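# Chain and residue survey
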Amino acid sequence: MSMIRGLILYISDHLLVSTLIVHFISSTYSIAALLVRTPMDPHKTDYYFEYTECDSTGSRWRVAIPHRQGSCSGLPEPVRGTDCTFSCEAGEFLEMSSQQCTACAAGSYSLGSGVRFDQWDSIPAGFSSLATYMEPEGSGDESLSCNNSSWTPQGTHLESNRDECTVSLVYAVHLMKQGSVSFDYQYVDNNVFFEFFIQNDQCQEMDQTADQKWIKLTSNGEWGTHTVNLKSGTNILYWRTTGILLGGKPVKPVLLKNIQIEGVAYTSECFPCRPGTFSKTPGSSSCDLCPRNTYSNKGASSCTPCPEAQYSEEGWAECKERPPCSEKDYFQIHTACDSNGKTQVLYRWVEPKVCVEDNVTGAVTLPPSGEKEDCPPCNPGFYTHNSSTCLPCPPGTFSDGITDCQACPAGTEPSLGYEYKWWNILPRNMKTSCFNVGNSKCDDMNVLEALLLLFASPSCANMHSLFPSHCRFLRLPTSVAGVTASEFGRITFVFETICSADCELYFMMDVNRKSTNVVESWEGTKSRRAYTHIMTKNASVSYTWAFQRTNKPSDVRRFVNDIVKIYSITVTNALDGSASSCHACALVSQESGSSCVPCPAGHFIDKDTNQCQECPPNTFLSGHHIYGEEACQQCGPGSKSNKEHSVCFSDCSFSHTDQNRTLTYDLSALSSVGSIMNGPSFTSKGTKYYHQFNISLCGPEGRKVAVCTDNVTDLSSKDLQSESAALNNYVETFVCQSTIIPADGRGFRTALSSQSISLADTFLGATVESTLDGVSVRPDLFPETSRKLPDINFFYRSPRITASCEHGRSAVITLRCNPEKGERGELTVSSKCPAGTCDGCMFYFLWESSSACPICTEADYHSIEGACKGGMQDTLYVWNEPKLCTKGVSLPEKSSAPCEAVPLWLKVGIGGGAFMAVLLISLTCYFWKKNKRLEYKYSRLVMSANKECELPAADSCALAEGEGEENEDDVVYSNTPSLLGKLKAIASKV
């Protein structure tokens, strides 16, 4: 048979809280007449006694005042009254006839010099509930009306409104001496702002410290108590709440009860016990709750038992009919393992049993017990002792829960932690608690005993009835051991919720016992899933799971089938945990039997030598598993690691190559935290709010200096700065976000910050590429029509998984060169995603700045030479347009150099032209002369022909006649031709 896995938690109706808001209300008030007026029984007298105002000597007179106006006959004479500071003891009241303190009768109580309000069937006399709303300008929406918003009596407590209206509960009291006011409250929703302040009779606010004015949060459905000292004179008390519906989800109201005021001069009458309570002895200062199956009316001195067919819970004013028993009224458990290692399935009625099983139509009876079966194994890290109990393995050993504990092999040490997957016994470091709405006490069922008999197995269909009450808590305290990197440990749990109403599961964390804050929550039915939370602080931590079946007052037995099952819980690296395995450790030396030593920060364990080795430059340790060099992971582009190799960061320098040119950037001007506040946005009722983002882009050695804090949550913590890292409302990271309610958004005197979250606590790198490690840029958000330089994108990630962001949150900061924006530049968000995000998980920012331009080099300017004047020539240097660089080299100064009027090239040109001109003239003359000679020879030949010479003899005649020129012809043709001769030959051919 497969063993059961799972754990069912039932949690209080009202759970959770966070922040507060101030809103001034101009209002009238009435001072409760509990000091100077003593009503008498009208059946006995026609008048009542009242004290006059105290004079300068501290004296006063007792006078009789008729019940009917105008009837003044037969009234007793005035007599000197008691001292103005006189008061009776607790359990007594001042009987005005005798002016003596008298003990309260049974069924009533008195505080003596105080007054208590603990009955809230209606708002008591003297209290006023005032609702206001600062309607936005130009809004005529009638839905913004707050006429129906008020503090609502719920019998045992008051409940504030669930909308966005500002509602004040006002009470005025006149004290003859210094006193105090105290009250119990539940304040559990970070979308509600809750304050308590005091005014005098001139409507001037009394001086109060922050921890007196701002109410501290409560957790786990518990009731907190707030006490403030009062001055003598008139004190007007204000309890004020304001809801902010940022997501449209109704807020969880503030609950208020047991308002007690000390310091009144006297109490003239005793207060009757409210229904469901009693005081059996005279002179009581309080009333007790009626036990189960009893009830009482107002002013009871004892409680009356319910009839047999009826029942009641503790403090009930009436009894109800017992319903027929059904499957919802019993649950299945397993007995503890016996000495033989056996367990048995049993069925038990939900206690207290209110149903009827005998002689009632449709009633069911308790099923018979099951067969005995083998017990499940122990949880990993534990071993079986005496076949019935599981004990943690001794230090230095480990176990899988089935075998006995074994010593870790040489060179290894235990991997400490918690791994709970079998629930036949509740682990020793867990406990359960129970809280009810209006009453911090739960049913008498021994919850721990029931858990000890429980198997955690998915085959158990009736485990949802394990706890009869609607509120249960499971708490796991653990000290997380710090080792390396930013991850000190992690907790993973597998769960499932099955709901028919508006149930909600909360996972909460308390760091160093400061305050419990919600890490994540899930509403409604959720299929089986795992959730992991990474612990980034080296501190003592308590984890709490709280299940709330409904946030509406009702009979919780209607939702008894609404359950949450926690199948397994795993915590790594817990200092006081047990081990289910061992991991390699660093040794003092390589000698046999050497002991383990912790590696310094930034070191890993070498697999060959088991010695500590420092990680290579620009790498970081990925977690607390540091075995092997592969544990040192390379930092992303544009980043480097700090000295401890725990985080990668940008040192405000960046470079990349673009078109065979290396561009270098100096981003040091952007190292200080940049801020942007977008909006405004408005809630459904028009409340104005903004989202403020703080960004730590680069610098100081990887320290996350962007801080977001709630300036109204937990202001009572005096050590907010010194203990800031341990508080959930103080976020220190690379990119964070806060919700800001402006001073003029709802009439608040100061702007309020709340809901601070981290958007990026891991720097992935900086690059001009559009994608890095799965995070991508959206070019459509910040288009650039004529971009000449690439943008630089800084990529960040937050590994924290939420219900809406299954892969965590990411942020991209795009740096764009814009010389007109100055060194610090301007941060903006896209108009397409005015909240900085379009889906709540990916955030995009544009940072335009001159610092985002590359450092200037010689390639960013060019020279211009002037004309030569007076033998000198100037050279100027100008930046290339548009200038897209900063810092770096400066423009060279204007330079001058000697120059000549006629340039060399002009001289060479003139010389070459003159030579060619002389050559052409010479050739022209030569050819002209040669032409003349040829004409002469031709004319001679023509003349010879005219003298009738014989043609055959023409050659001889011609030769004869040319004998005198033979030497000249021989000179021309007999020698090797020169350059001039070749030119002549060419000319002759032509």
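Analysis parameters
Residues numbered from 1 in each chain as written. Predicted model: local features only at pLDDT ≥ 70, side-chain atom pairs only at ≥ 80, totals over all residues. Heavy atoms only, no water. Salt bridge = Lys/Arg side-chain N within 4 Å of Asp/Glu carboxyl O. Buried < 20%, exposed > 50% of the residue type's maximum accessible area, 1.4 Å probe, protein only. Phe/Tyr/Trp six-rings, centres within 6.5 Å; stacked < 30°, edge-to-face > 60°. Helix = DSSP H or I, 4+ residues; strand = E, 2+ residues; numbered from the N terminus. Pairing = 2+ DSSP bridges. Axes fitted to C-alpha atoms, helices over the stretch in contact; angles between N-to-C directions. Patch = residues over 30% accessible without salt bridge, like charges linked within 9 Å, V, L, I, M, F, W, Y side chains within 5 Å. Areas by Shrake-Rupley, 256 points an atom, 1.4 Å probe, with all protein chains shown as cover. Contact = heavy atoms within 4.5 Å.

### Quick look at the pattern of salt bridges
- Applying the stated criterion across every chain, the model contains 16 salt bridges.
- Glu 357 is the partner of Lys 353 in a salt bridge, and the nearest nitrogen-oxygen pair spans 2.5 Å.
- The partly exposed category is assigned to Glu 357, whose relative accessible area is 21%.
- What you see here is one network of salt bridges that share partners, running through Arg 778, Asp 780 and Lys 832.

### Quick word on the packing of aromatic side chains
- For the structure shown, the criterion picks out 39 aromatic pairs.
- An angle of 75° between the planes, with centres 5.5 Å apart, marks the rings of Tyr 47 and Phe 49 as edge-to-face.
- The class of Phe 49 is buried, set by a relative accessible area of 6%.
- Each ring, one from Tyr 187 and one from Phe 194, has its centre 5.6 Å from the other, and the planes form 75°; the classification is edge-to-face. When sorted by exposure, Tyr 187 lands in the same class as Phe 194, which is buried.

### Remarks on unusual backbone geometry
- For the bond running from Glu 881 to Pro 882, omega is -10°, close enough to zero to count as cis.
- Counting through the fold element by element, Pro 882 comes out in the loop between β66 (872-879) and β67 (895-898).
- We note that Asn 573 has phi near 60°; this positive angle belongs to a residue other than glycine.
- Classification of Asn 573 as buried rests on a relative accessible area of 14%.
- Phi at Asn 618 takes a positive value of approximately 60°, unusual for a residue other than glycine.
- Its place among the elements puts Asn 618 in the loop between β45 (612-614) and β46 (619-621).
- You can call Asn 618 partly exposed: its relative accessible area is 31%.

### Quick notes on the sheet that holds strand β65 (residues 861-869)
- A sheet is described by the order of its strands in space; here 3 strands give the open sequence β65-β66-β67, paired in antiparallel fashion. Edge strands, defined here as strands with exactly one partner in the open sheet, are β65 and β67. Strand-to-strand twist across the sheet, computed as the mean angle between neighbouring axes with direction ignored, equals 25°.
- As paired elements, β65 and β66 share 7 bridges and run antiparallel to each other. Residue pairing across strands places Lys 869 opposite Met 872, the latter belonging to β66.

### Section: a nonpolar patch on the surface
- Taken together, the side chains of Trp 905, Leu 906 and Ile 910 make up a nonpolar region of the molecular surface, amounting to roughly 350 Å² of accessible area.
- By the element assignment, Trp 905 lies in helix α3 (residues 904-946).
- What makes Trp 905 exposed here is its relative accessible area of 64%.

### Quick look at the sheet that holds strand β40 (residues 563-572)
- One open sheet accounts for 5 strands, arranged β38-β35-β40-β32-β41; its pairing is antiparallel. At either margin of the open sheet sits one strand with a lone partner, and together these are β38 (526-535) and β41 (578-584). Pairwise comparison of adjacent strand axes, ignoring direction, gives a mean angle of 20° for this sheet.
- Note: strand β32 (residues 412-420) against β41, 5 bridges, orientation antiparallel. When the bridges of β41 are listed, Gly 417 appears paired with Ser 578.

### Here we look at the environment of Pro 617
- On the secondary structure map, Pro 617 appears in the loop between β45 and β46.
- Classification of Pro 617 by relative accessible area gives exposed; the value is 66%.
- C-alpha separation for the pair Pro 617 and Cys 635, spaced 18 residues apart in sequence, amounts to 9.2 Å.
- Apart from residues lying up to four places away in sequence, Pro 617 is in contact with Gln 634, Ser 641 and His 645.

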